[in-house]
Amino acid sequence: MPLDNAPDSKRKYNVVGTRPLRPDGIDKVTGRAKFGADATAPGQLVGRILRSPHAHAKIKSIDTSKAEKLAGVKAVITRDDFPDHTDGDSALYDTMYNIMAREKALYEGHAVAAVAATTPAIARQALKLIKIDYEILPHVTDVDEAMKPNAPVLNRKMFTDGVDPKPTKASNIARRFEFGHGDVEEGFKKADIIIERSFKTEATHQGYIEPHAALASMSPDGTAELWCCTQGHYMVRDVCARILGIDISRLRVTQSEIGGGFGGKTTVFIEPVALALSRKANRPVKVVMTRDEVFKASGPTSSTSMDIKIGVTKDGLITAADGTFRYQGGPFAGCSPAEFGAMSAFAQFHLDNVRAIGYDVLCNRPKTISYRAPGAPMANFAVESVIEELAHKLGMAPIDFRIKNAAREGTKSSYGPVYGPIGLGPTLEAAKNHPHFKAPLGPNQGRGMAAGFWFNFGGQSCVSLNIPTDGTITVSVGSPDIGGSRASMCMMVAEELGINYEQVRAIIADTSSLGHNDVTDGSRTTFATGMACILAARDAIKKLCARAAATWGIPEDAVTWEKGFAKPAGANAGDFAPLSLKEIAAASPGTGGPIAGHHEYSADGAGVSFATHICDIEVDQETGASKIVRYTVIQDAGKAVHPAYVEGQFQGGAVQGIGWALNEEYIYGKDGRLQNAGFLDYRIPVCSDLPMIDTMILEIPNPGHPYGVRGVGETSIVPPLAAIANAVAAATGVRFTQLPMSPPRILKGIEDAKKAGAKKAA
Amino acid sequence: MSGITVNAKINGDPVEFICEADETLLDVLRNRLGLTGAKEGCSTGDCGACSVTVDGRLTCSCLVLGAEIEGHNIGTIEGMAHGEELHPLQKKFIEHAALQCGVCTPGFLIAAKSLLDKNPDPTETEIRFGLAGNLCRCTGYDKIVRAVQDTAKEMRKTNSRKGA
């Protein structure tokens, strides 16, 4: 079906843009909602995983005999229980290697064996009885160290891709990426001022409050059911079935309510292990990660090392921008978001000469996975820090410098495509005119800002919409609802059908009840699955009109749909009283049977998104402690379907960025072991750390969606790192090039600056 | 293994259960009594997702042993609404979109109720410190704080009407 996608700017919305109550609200405030760990099955066993204490070690042998003999132990599994069915698919092989180590343990926390037992205590005891003979190998956890020629090499078969000629010596550099256009060397010749800086950021974790949980039930004949918290149960089904060597259609995955993901639940960790234990024990097995395991053995994001060089004329026009982005992705190739980092780094500028080089690097750390706008926040931190410094050197207001060089409609982006209508300029102008921007600052306070970008994605969605005889609607979607998307799906269906929101209910279907849906990621759900809901509703309208046409004995194309009613299209069609959705539904058993609408497709036309953030921070000059005193997010949503949840995305992303900028970091010891695997020492922002987060939603319609919707979930985490670094620089006079800007680091920066100042004075 | 028999009250109802010596109250609630509203986010008392009240006092149920609650009154999220009638905090959390994924929500509601029971007219700062033991990773806390402020305002109005 050709998509009539261009948003109608004159359309008046009845439901979209309002703030109805979410359909799962009562379940979630009463404790009734079932999350990953909340399900049980008759006769279920407890699954527990044994993990490597070493950052890098050869697994010479595994002896499970004592554990197997322990009373109450029903299954013990190791690498031997995962024969290689991956058929040359290297990414799948790596996923399998990650969920259960094979020749080597590649990071502290890497799974090496698992047990299923009748009680948690017996399972714990059984793990202690498993004897593993390790040969400890040299390890590397720092990205710059890992790239050195003498670094311990994790994979002897790793020869850097993207370099011509391809190296013949193995290294930890999996791939080199390059994006850009023009000639940066020529561009720098035209510059009056050039600033060059190096930056480092530490690894952070998505920090979802719900640990991974899975309840698996698999029979020896290969039929299996799995209940788990995931951002993509179809992905879980496909990956688990292929790892276990069973038919995809024999595994039915039901998605539980999901207690946060932010990209961290877009792959499998414990799910294939739970299934393999269940197969071997022939009983249901439940595996739930501890928080310690979540930190050590799920998928945090990359630590990075970056170099940025930007040149400007004295009039404030950027002549060239060049960057190198080194991201470690754990022990496997293709896992770090170095590519997205390099692609997004300069995307907010109109540039004639730009180059961004990315390196995907292996380290003895957990296999990284997406974290909200994967790769973009770190690159943005580096670039927008240099931008701010350049503006000060030019004597130009940073906001004006950004406006002057901002990407606009028609700009060839730094990663290739030419932009259509985009919202960057409007967010910058709105920031400049915002009361926050003009508000006075107190002592020891500084103000910073930054603009950021995210691509947004489309992808595959499948939606079914059923109309029972009372004329209410059930929408079956296959995109896990991670932050209120069931409400926005219902709203879009109600909007199309011209009925009340309360008449529509959405459910998340299991993998056997509905066709494939991609993972809820890339800010795709409200855009792509939402558009599938709109198109499924339009499909249902066609069928409703056909029933009315048959009832009236007139051609189908002589019937139109208006505000919930089928009506004759005009005077020539005949004089019939309009039929309501409820009337047509009530008559449906006698007019041809059930009425349903469907749509399945792969969505194109996702609209890029931009945001500008303003941050005021107060720094205690004696302790280095800092406090955000005011924060404003201005972002283009395209069209806000449910504005309250759009604001929520803006606020949540900003606060994750605040944590990343100020406190959160993976701290490794010399032994390659994580030293802060818990919420006490890995400190995410708490309520008392923060002010209210002001938001402003702009709506510059995306031409690729009937209502103009863009994704909104990810962009909000991109600008905070730089906005806060710029605010800290304004408050202290010190430019920090390493994250997090924790109190000790800020204090050292202030003291070093004082010493340098005193030396200069002397 | 010898189980310990415990008698206590949960949401006003008498309960009797047998647990092992190393089982936490959270384990007992979730695994023995089928009350899965309290969540395990960390098991170290850092996240507040398992918040309950013990004799009215806000407590992380992961830091209390099941055997220790002999004779005590436990309040959980399952006891917050009265039949069909939601507690004002529950209503306001939905109205203000103060939850996204919702996994931290039971803990926040227990903590917020505990705060308002003691201080019906908290300042924003008092609310923020009152809820500082509960982690939320989705919302940035803004809408949670607003929902608590709005609830407090409404409950004060209702109570003054009742008083008059």
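Position numbers for residues count from 1 along each chain, tracking the sequence in the order it is written. A letter from A marks each chain and a number from 1 marks each ligand, given out in the order of writing. Note on the predicted model: pLDDT of at least 70 is required for a residue's local features to be given, and 80 or more for side-chain atom pairs to be given and counted; whole-chain, interface and lining totals, by contrast, use all residues.

Some words on the overall build of chain B
We count it as follows: Only DSSP runs of H or I reaching four residues or more are called helices, and only runs of E reaching two or more are called strands; each is numbered from the N terminus. To get the radius of gyration, use the C-alpha atoms; to get the globule rule, take the number of residues to the power 0.38 and multiply by 2.2 Å. Put plainly, a residue is buried at 20 or more neighbouring C-beta atoms within 10 Å of its own, exposed at 12 or fewer, and partly exposed in between, counting only other residues' C-beta atoms, which are placed from the backbone. A residue pair is marked as a contact if its C-beta atoms, positioned from the backbone, fall within 7 Å.
Of the regular secondary structure elements, chain B holds five helices and five strands. Starting at the N terminus, the α and β elements of chain B follow one another as β-β-α-β-β-β-α-α-α-α. Relative to the 2.2 N^0.38 estimate, which gives 15 Å for 164 residues, the radius of gyration of chain B is 16 Å and therefore close to what a compact globule would have. Looking at chain B as a whole, 57% of its 164 residues are labelled buried. Taking contacts inside chain B between residues at least 6 apart in sequence as the whole, the part at least 24 apart equals 58%.

Some words on the overall build of chain A
Helices and strands together make up the secondary structure of chain A, namely 20 helices and 26 strands. Against the compact-globule benchmark of 27 Å for 762 residues, chain A has a radius of gyration of 28 Å, which places it among compact chains. Along the first, second and third principal axes, the C-alpha atoms of chain A reach 95 × 75 × 55 Å. Here chain A holds 762 residues, and the buried ones make up 59% of them. By sequence separation, contacts in chain A at least 24 residues apart represent 79% of the contacts at least 6 residues apart.

Side note on the interface of chain B and chain A
Quick note on the threshold: Residues are grouped as follows: Ala, Val, Leu, Ile, Met, Phe, Trp, Tyr, Cys and Pro are nonpolar; Asp, Glu, Lys and Arg are charged; every other residue, Gly included, is polar.
Each partner contributes residues to the interface: chain B has 42 residues there, and chain A has 41 residues. Elements with a minimum of two residues in the side of chain B that touches chain A: helix 2 (88-95), helix 3 (105-118), helix 4 (124-130) and helix 5 (142-163) of chain B. In terms of residue class, the side of chain B that touches chain A is built from 22 nonpolar, eleven polar and nine charged.

Concerning the domain arrangement of chain B
Residue and element names in this part refer to chain B. Cut-off, in case you're wondering: Start and end points for every domain follow an automatic or database-based domain assignment.
When cut into domains, chain B gives domain 1 (4-79) and domain 2 (88-163). Using only C-alpha atoms to locate each centre, domain 1 and domain 2 end up separated by 22 Å. Across the contact, 13 residues belong to domain 1 and eleven residues belong to domain 2. It is strand 3 (residues 51-54) that contributes the most residues to the side of domain 1 that touches domain 2, three residues altogether. Grouping the amino acids of the side of domain 1 that touches domain 2 by side-chain chemistry returns seven nonpolar, five polar and one charged.

A word on the pairing of strand 18 (residues 473-477) of chain A
All names here are of chain A. Let me state the cut-off plainly: Pairing between strands is defined by DSSP: at least two bridges between the two strands are required. When the strands point away from the viewer and the path from the first strand over the helix to the second turns clockwise, the crossover is right-handed.
Within strand 18, four of the five residues are buried, leaving the element largely enclosed by the surrounding structure. Relative to strand 18, strand 17 (residues 459-467) runs antiparallel, the two sharing four bridges. Across the sheet, the residue bridging to serine 464 is serine 476, located in strand 18. What sits between the antiparallel neighbours strand 17 and strand 18 is a turn of five residues, in which glycine 471 has the positive phi angle 80 degrees. Note that strand 18 and strand 19 (residues 504-508) share five bridges and pair parallel. Looking at the pairing, valine 477 lines up with isoleucine 508 of strand 19. Since strand 18 and strand 19 lie parallel, the crossover through helix 15 (residues 485-497) that links them has a hand, and here it is right-handed.

Looking at the sheet that holds strand 6 (residues 131-136) of chain A
As a general point, the strands of a sheet are linked pairwise by backbone hydrogen bonds and lie either parallel or antiparallel. All names here are of chain A. One open sheet accounts for three strands, arranged 4-2-6; its pairing is antiparallel. In the strand order of this sheet, the two ends are held by strand 4 (104-105) and strand 6, each with one partner. Across two bridges, the pairing between strand 2 (residues 57-63) and strand 4 is antiparallel. From the neighbouring strand, lysine 58 faces strand 4, where its bridge partner is lysine 104.

Points about the environment of aspartate 470 of chain A
All names here are of chain A. Within the secondary structure layout, aspartate 470 lies in the loop between strand 17 and strand 18. Aspartate 470 sits 308 residues away from glycine 162 along the chain, and the two C-alpha atoms are 59 Å apart. Setting aside anything within four residues of it in sequence, one finds aspartate 470 in contact with Lys582 and Ala585.

Some thoughts on the packing of helix 2 of chain B against helix 3 of chain B
Two packed helices can be described by the angle between their axes and the distance between those axes. Residues and elements named next belong to chain B. As a reminder of what qualifies: Inter-axis angles, ranging from 0 to 180 degrees, are taken between N-to-C directions of lines fitted to C-alpha atoms, where helices are fitted over the stretch in contact. The labels follow the angle: roughly parallel below 35 degrees, roughly antiparallel above 145, roughly perpendicular from 65 to 115, and oblique for the rest. Crossing handedness is defined as follows: a turn of the near helix away from the far one that is anticlockwise and smaller than a right angle gives a left-handed crossing, while the clockwise case is right-handed.
Where helix 2 meets helix 3, the axes come as close as 10 Å, and the angle between the chain directions of the two elements is 130 degrees. On the basis of the axis angle, helix 2 is oblique to helix 3. Helix 2 and helix 3 meet at a crossing whose hand is right-handed. Between helix 2, through Leu89, Gln90 and Phe93, and helix 3, the contact on the second element is made entirely by Thr105, Leu109, Ala112 and Lys113. Looking at the contact of helix 2 with helix 3 residue by residue, the classes come out as four nonpolar, two polar and one charged.

Observations regarding the sheet that holds strand 10 (residues 224-228) of chain A
All names here are of chain A. Strand order across the open sheet formed by seven strands is 3-5-1-12-9-10-11, with mixed pairing between neighbours. Looking at which strands have only one partner, the edges of the open sheet turn out to be strand 3 (73-77) and strand 11 (251-255). The sheet shows a mean angle of 20 degrees between the axes of neighbouring strands, direction not considered. The pairing of strand 1 (residues 45-51) with strand 5 (residues 111-117) spans six bridges and is antiparallel. Bridge pairing in strand 5 links isoleucine 49 to alanine 114. The sheet strands contacting helix 7 (residues 233-244) are strand 10 and strand 11, and the helix crosses strand 11 at an angle near 150 degrees.

Some details on the nonpolar core
Selection criterion: A set of buried Ala, Val, Leu, Ile, Met, Phe, Trp, Tyr and Cys residues, joined through C-beta atoms within 7 Å, is what we mean by a nonpolar core.
One finds Leu226, Val273, Val475, Val493, Cys533, Ile724 and Val728 of chain A to be the most contacted residues of the largest nonpolar core, which totals 296 residues. Lining this core are residues from two domains, each supplying at least three of them: domain 1 (4-79) and domain 2 (88-163) of chain B. Beyond its immediate sequence surroundings of up to four residues, cysteine 533 of chain A is in contact with Val463, Val475, Val477, Met489, Met492 and Val493 of chain A.

What about the packing of helix 18 (residues 643-662) of chain A against helix 19 (residues 720-732) of chain A?
All names here are of chain A. The N-to-C vectors of helix 18 and helix 19 enclose an angle of 55 degrees; their axes lie 8 Å apart at closest approach. Compared by their axis directions, helix 18 and helix 19 come out oblique. Handedness of the helix 18/helix 19 crossing: right-handed. Packed against helix 18, whose contacting residues are Ala654, Gly657, Ile658, Trp660, Ala661 and Leu662, the element helix 19 presents Pro720, Leu721, Ile724 and Ala725 at the interface. Classifying every residue of the contact of helix 18 with helix 19 by side-chain character gives nine nonpolar, one polar and no charged.

Things to note about the pairing of strand 12 (residues 285-288) of chain A
Residues and elements named next belong to chain A. The alternating pattern of strand 12 places Val285 and Val287 and Lys286 and Val288 on opposite faces, both of which are buried. The sheet contact formed by strand 1 and strand 12 spans three bridges and is parallel. Bridge pairing in strand 12 places valine 46 opposite lysine 286. As paired elements, strand 9 (residues 213-218) and strand 12 share four bridges and run antiparallel to each other. The residue of strand 12 that forms the bridge with alanine 216 is valine 285.

Some words on unusual backbone geometry
In this model, aspartate 164 of chain A is joined to proline 165 of chain A through a cis peptide bond whose omega is 0 degrees. Along the chain, proline 165 of chain A turns up in the loop between helix 5 (143-147) and strand 7 (173-181). One non-glycine residue, lysine 563 of chain A, lies in the positive phi region at around 45 degrees. Along the polypeptide, lysine 563 of chain A turns up in the loop between strand 20 (559-562) and strand 21 (565-568). In this structure, alanine 97 of chain B takes a positive phi of about 55 degrees despite not being glycine. Among the secondary structure elements, alanine 97 of chain B is positioned in the loop between helix 2 and helix 3.

Focus on helix 8 (residues 271-281) of chain A
Residues and elements named next belong to chain A. With ten of eleven residues buried, helix 8 lies mostly within the body of the structure. If you check which residues of helix 8 are buried, you get Glu271, Pro272, Val273, Ala274, Leu275, Ala276, Leu277, Ser278, Arg279 and Ala281. Just downstream of helix 8 lies asparagine 282, where phi reads positive at about 55 degrees.

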